[in-house]
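Commentary on secondary and tertiary structure
Take a look at the letters that make up each chain.
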Amino acid sequence: MKKKTRKTTASTTHTASGNRVLNAVLKQAPFEGWTETAYAAALKDAGITRVEADKIFPDALRDVVELFGEQTDAAMQKRIGAERGFTRLRVRDKITFALRARLESLAPHREAMRRLMLWYSLPHHVPQAIKRMMKTVDLIWVAAGDNSTDYNFYTKRVLLAGVLKATLIFWLGDESPDHSATWDFLDRRIADVMKLGKSISLLKEFKPSELVDMVREKIRKVV
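Below is a short write-up of the structure.

Rules used in this analysis
Residues numbered from 1 in each chain as written. Predicted model: local features only at pLDDT ≥ 70, side-chain atom pairs only at ≥ 80, totals over all residues. Heavy atoms only, no water. Core = buried A, V, L, I, M, F, W, Y, C linked by side-chain atoms within 4.5 Å. Buried < 20%, exposed > 50% of the residue type's maximum accessible area, 1.4 Å probe, protein only. Contact = heavy atoms within 4.5 Å. Phe/Tyr/Trp six-rings, centres within 6.5 Å; stacked < 30°, edge-to-face > 60°. Helix = DSSP H or I, 4+ residues; strand = E, 2+ residues; numbered from the N terminus. Lys NZ or Arg CZ within 6 Å of the ring centre and 35° of its normal.

**Some details on the nonpolar core**
Judged by nonpolar contacts, the single largest core of 56 residues is most densely connected at V21, W34, Y39, V64 and L99. Contacts of V64, omitting those with residues within four sequence positions, involve V21, L22, V25, W34, Y39 and F57.

Below you can see the structure in the form of structure tokens.
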């Protein structure tokens, strides 16, 4: 009897190659930033030609950044799925758990994330940053059991985006043991979201144009 050989599909190959490139970029980014120089060096390290890379990442580094965001979200969701009793937690505790899980998954790539924040801050990259952030907060609210369809759908996500951005920035500069100061900061920000009077202050994390982009992104998804 002939032994069956497992065929490797094109998508599987692309996934494996894409992961190699992403991992190589993550090693380059702390030193070169998320730049063409880092991307070119990463392709060389991963043993991927530019022609092969163009098939996996048609938009080059932008697509690599998106893959990084998707994998970070997936790691967060995996932690949520593995947490026994998650569904029985209070909503605020579910959100806190999810945000902490996401940051902890980024711990091995802290310097790369610091440089990515600079990349995201460039005017022509802001729309991508907004889309990524809104995808993440959507996943968190859905995991927390949110089924709102009225104006709360928008306000909850915009306010949580403010918490995510503020906590991420704080975490990048936190040198406390086990990032304990970050978790205290996160608890305070979540408490602010639960208090309507203080929630508005979280909007100061964004420029007016960014707030408009976030609302447009949500409208685009639901119409």
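Okay, back to it.
**Structural notes on the packing of aromatic side chains**
For any pair of aromatic rings, the description rests on two quantities: the centre-to-centre distance and the angle between the ring planes. Overall, the coordinates contain four aromatic pairs when judged by the stated rule. Between the aromatic rings of W34 and F68, the centroid separation amounts to 5.8 Å while the plane-to-plane angle is 25°, which identifies the pairing as stacked. With W34 in the loop between helix 1 (10-32) and helix 2 (36-46) and F68 in helix 4 (residues 61-82), this pair connects stretches of sequence that are 34 residues apart. Note on accessibility: W34 and F68 belong to one class, buried. Taking 5.6 Å as the distance between ring centres and 65° as the angle between the ring planes, the aromatic pair formed by W119 and Y120 counts as edge-to-face. The exposure class assigned to W119 is buried, which follows from its relative accessible area of 7%. Residue class for Y120 comes out buried when judged on its relative accessible area of 10%. Over the ring of W171 we find R110, and its NZ or CZ is 5.6 Å from the ring centre. One Lys or Arg, K156, reaches over the ring of W141 and ends 5.2 Å from the middle of that ring.

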